[in-house]
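Observations on chain architecture
One letter stands for each residue in the lines below.
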Amino acid sequence: VQLVESGGGLVQAGGSTRLSCVVSGGTFSRFSMNWFRQAPGKEREFVAQAGRASGTTAYSDSVKGRFIISRDNLKNTVYLEMNDLKPEDTAVYFCNALEFDSGWSDNYWGQGTQVTVSS
């Protein structure tokens, strides 16, 4: 399974951008798709989840109301729309695919894409 992120870059505070993550290999609809981020000197943290069930989403408190996660099972792609960006959103953003069933799970990660928000 391979995950390839794109998007991000340098954005002004208050601006918007969109990240994409294309998944190859495996069965995309079986994956819970997630975005994490890691800022310099900090631990990787959960940002958002698009569950396997249609329309199921979850967000961290820090991005709730500003970020929107969505998935397209026909394109094997998950998106993260990021709005009203703040300097504290600056981080490397990682796409994650989690497949699980009774008694087992497999976890896959992309290489990460940098988002820098300037004040």
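None of these values were measured; they are calculated from a predicted model. The numbers attached to residues start from 1 for each chain and follow its sequence in the written order. Owing to the predicted nature of the model, reporting of local features is limited to residues with pLDDT of at least 70; listing and counting of side-chain atom pairs is limited to 80 or more, with chain, interface and lining totals taken over all residues. The side-chain values count all of the structure's non-hydrogen atoms but skip hydrogen atoms and water molecules.

**Regarding the state of the cysteines**
We call a pair of cysteine sulfur atoms a disulfide whenever their separation is within 2.5 Å. In the structure shown here, the tally under the stated rule is 1 disulfide. Across the disulfide, Cys21 is cross-linked to Cys95 (sulfur-sulfur distance 2.1 Å). Across the S-S bond of Cys21 and Cys95 the torsion is about -85°, and the bridge reads as left-handed. On the criterion of sequence distance, the pair formed by Cys21 in strand β3 (residues 17-24) and Cys95 in strand β9 (residues 91-101) is long-range, its members being 74 residues apart. Summarising the burial analysis for this pair, Cys21 and Cys95 share the class buried. Numbering of helices and strands starts at the N terminus; helices are DSSP runs of H or I of at least 4 residues and strands are runs of E of at least 2. The classification of residues rests on relative accessible area computed with a 1.4 Å probe and restricted to protein chains. Under 20% of the type maximum is buried, over 50% is exposed, and intermediate values are partly exposed.

**What to know about the nonpolar core**
Counting 26 residues, the largest nonpolar core has Met33, Trp35, Leu80 and Tyr93 as its most contacted members. Taken together, the elements giving at least two residues each to this core come down to β3, β4 (32-38), β5 (45-50), β7 (67-72), β8 (77-82), β9 and β11 (113-118). With 4 residues, the single largest contributor to this core is β9. Nine residue types can take part in a nonpolar core, namely buried Ala, Val, Leu, Ile, Met, Phe, Trp, Tyr and Cys, and a core is a set of them joined through side-chain atoms within 4.5 Å.

**Observations regarding the sheet that holds β7**
Whether two strands pair depends on DSSP finding at least two bridges between them. With respect to topology, 4 strands assemble into an open sheet ordered β1-β3-β8-β7, the strand pairing being antiparallel. Each having just a single partner strand, β1 (2-7) and β7 make up the two edges of the open sheet. Between one strand axis and the next, the sheet turns through 15° on average, direction left out of account. Bridge count for β1 against β3 is 6 bridges, and the pairing is antiparallel. In the strand pairing of β3, Gly7 is matched with Leu19. Axis geometry follows a simple rule: fit a line to the C-alpha atoms, using only the stretch in contact for helices, then measure angles between N-to-C directions, giving values from 0 to 180 degrees.

**Description of unusual backbone geometry**
Positive phi is not limited to glycine here, since Asn76 has a value of about 55°. In this fold, Asn76 is placed in the loop between β7 and β8. Not every positive phi belongs to a glycine, and Asp84 is a case in point at roughly 45°. Assessed through its relative accessible area of 41%, Asp84 is described here as partly exposed.

**Thoughts on the pattern of salt bridges**
Each reported salt bridge corresponds to a side-chain nitrogen of Lys or Arg within 4 Å of a carboxyl oxygen of Asp or Glu. Evaluation of the coordinates by the stated rule reveals 6 salt bridges. With its nearest N and O atoms 2.9 Å apart, the salt bridge here joins Asp89 to Arg37. With Asp89 in the loop between β8 and β9 and Arg37 in strand β4, this residue pair connects regions lying 52 residues apart in the sequence. Under the relative-accessibility criterion, Arg37 is labelled buried at 5%. Across the pair Lys64 and Asp61 runs a salt bridge whose closest N-O atoms are separated by 3.3 Å. The class of Asp61 is exposed, set by a relative accessible area of 67%. Ionic contacts of the salt-bridge type, sharing partners, join the residues Arg37, Glu45, Arg66 and Asp89 into one network.

**Let's talk about the pairing of β5**
With 5 bridges joining them, β4 and β5 adopt antiparallel strand pairing. What sits directly across from Arg37, in β5, is Glu45. Counted along the chain from β4 to the antiparallel partner β5, the turn is 6 residues long, and its residue Gly41 has a positive phi close to 75°. Bridge count between β5 and strand β6 (residues 57-59): 3 bridges; the pairing is antiparallel. Counterpart to Gln49 in the pairing with β6 is Ala58. Linking two consecutive strands that pair antiparallel, namely β5 and β6, is a turn of 6 residues; a positive phi of about 85° is found at Gly55 within it.

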